Amino acid sequence: MLPAGQIRLASGKFVTLCKRFKDRVLELGDPQRGVAPLVSAVRKVQVSAKRLTALHPDCLQLCLMTKCYKAGFSVLSDDILEVDQPRDFYLYCYYGILIVLRYINNRPSNIHC
């Protein structure tokens, strides 16, 4: 993957590419394949750990679908203080709450990642 500095220079195009990647793994029926690349992409495109990106909700969606709650928790562990798009924040909260609730209800017996 490219260095974070280069990705941030064209972050809009990179986010679009990552969203298409997420859509494609969902079309193929293999969302597990998209979790690690999107977690990495979130970290690369983030200007700071306190800033929500447009990729956060997509990453959490894949984590939820694949029961990769630990990967979801790694994304949720940052204290988000800066938000550009309210829709991204709402989806981040929605998927984040679902990940926490499903983790609590399923405890480590059914966790895949």
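Quick caveat: nothing in here was measured; it's all calculated off a predicted structure.

Student: Just checking my understanding: could you explain the nonpolar core for this structure?
Tutor: Side chains that are nonpolar tend, in soluble globular proteins, to be buried together. Within the largest apolar cluster, 26 residues are counted, with the highest numbers of intra-cluster contacts made by F14, V35, L55 and C59. Where this core is concerned, the elements lending two or more residues are α2 (11–27), α3 (32–45), α4 (56–66), α5 (69–76) and α6 (86–106). A total of 6 residues in this core trace back to one element, the largest contributor, which is α3.

Student: How should I be thinking about the packing of aromatic side chains in this particular structure?
Tutor: The relative placement of two aromatic rings is captured by the distance of their centres and the angle of their planes. Evaluation of the coordinates by the stated rule reveals 4 aromatic pairs. Measuring from ring centre to ring centre gives 6.5 Å for F89 and Y90, while their planes differ by 55°; the resulting arrangement is tilted. For F89, a relative accessible area of 30% gives the class partly exposed. On the basis of relative accessibility, which here comes to 58%, the residue Y90 falls in the exposed class. By way of ring pairs, the aromatic residues Y69, F73 and Y103 are connected into one cluster.

Student: In this structure, what is going on with the pattern of salt bridges? I would like to understand it.
Tutor: A full pass over the atoms with the stated rule returns 8 salt bridges. The closest approach of N and O atoms between R24 and E27, which form a salt bridge, is 3.0 Å. Taken together, the residues span about one helical turn, with R24 and E27 both in helix α2 at a distance of 3 residues. Residue E27 is classed as exposed on the basis of its relative accessible area, which comes to 60%. Here R33 ties to D30 by a salt bridge, and the two come within 3.5 Å at their closest N and O atoms. A residue is classified by how much of its surface remains accessible, and R33, at 53% relative accessible area, is exposed. Taking the relative accessible area as the measure of exposure, D30 reaches 29% and is therefore partly exposed.

Student: I'm lost on the side chain of T53 in this one. Help?
Tutor: The topology assignment puts T53 in the loop between α3 and α4. Looking at T53, the relative accessible area reads 9%, which means it is buried. From its side chain, T53 meets the backbone nitrogen of L55 in a polar contact 3.2 Å long. Polar contacts involving the side chain of T53 include one to the side chain of H56, which spans 2.8 Å. Once residues lying within four places of it in the same chain are set aside, the contact partners of T53 are V42, V45, Q46 and D88.

Student: Just to check I follow, could you spell out the packing of α2 against α4 for this structure?
Tutor: Packed helix pairs are specified by the crossing angle of their axes together with the interaxial distance, meaning the distance between the axes. Where α2 meets α4, the closest approach of the two axes is 10 Å, and the angle between their N-to-C directions is 20°. Taken as axis vectors, α2 and α4 run roughly parallel relative to one another. Crossing angle aside, the handedness with which α2 passes α4 is left-handed. Taken together, the residues of α4 that come into contact with α2 (itself represented by K19, K22, V25 and L26) are D58, Q61, L62 and M65. Classifying every residue of the contact of α2 with α4 by side-chain character gives 4 nonpolar, 1 polar and 3 charged.

About the criteria used
- Residues numbered from 1 in each chain as written.
- Predicted model: local features only at pLDDT ≥ 70, side-chain atom pairs only at ≥ 80, totals over all residues.
- Heavy atoms only, no water.
- Core = buried A, V, L, I, M, F, W, Y, C linked by side-chain atoms within 4.5 Å.
- Buried < 20%, exposed > 50% of the residue type's maximum accessible area, 1.4 Å probe, protein only.
- Helix = DSSP H or I, 4+ residues; strand = E, 2+ residues; numbered from the N terminus.
- Phe/Tyr/Trp six-rings, centres within 6.5 Å; stacked < 30°, edge-to-face > 60°.
- Salt bridge = Lys/Arg side-chain N within 4 Å of Asp/Glu carboxyl O.
- Polar contact = N/O pair within 3.5 Å; in protein donor to acceptor, adjacent residues only side chain to side chain.
- Contact = heavy atoms within 4.5 Å.
- Axes fitted to C-alpha atoms, helices over the stretch in contact; angles between N-to-C directions.
- Parallel < 35°, antiparallel > 145°, perpendicular 65-115°, else oblique.
- Left-handed = near helix turned anticlockwise from the far one by under 90°.
- Nonpolar A, V, L, I, M, F, W, Y, C, P; charged D, E, K, R; others polar.

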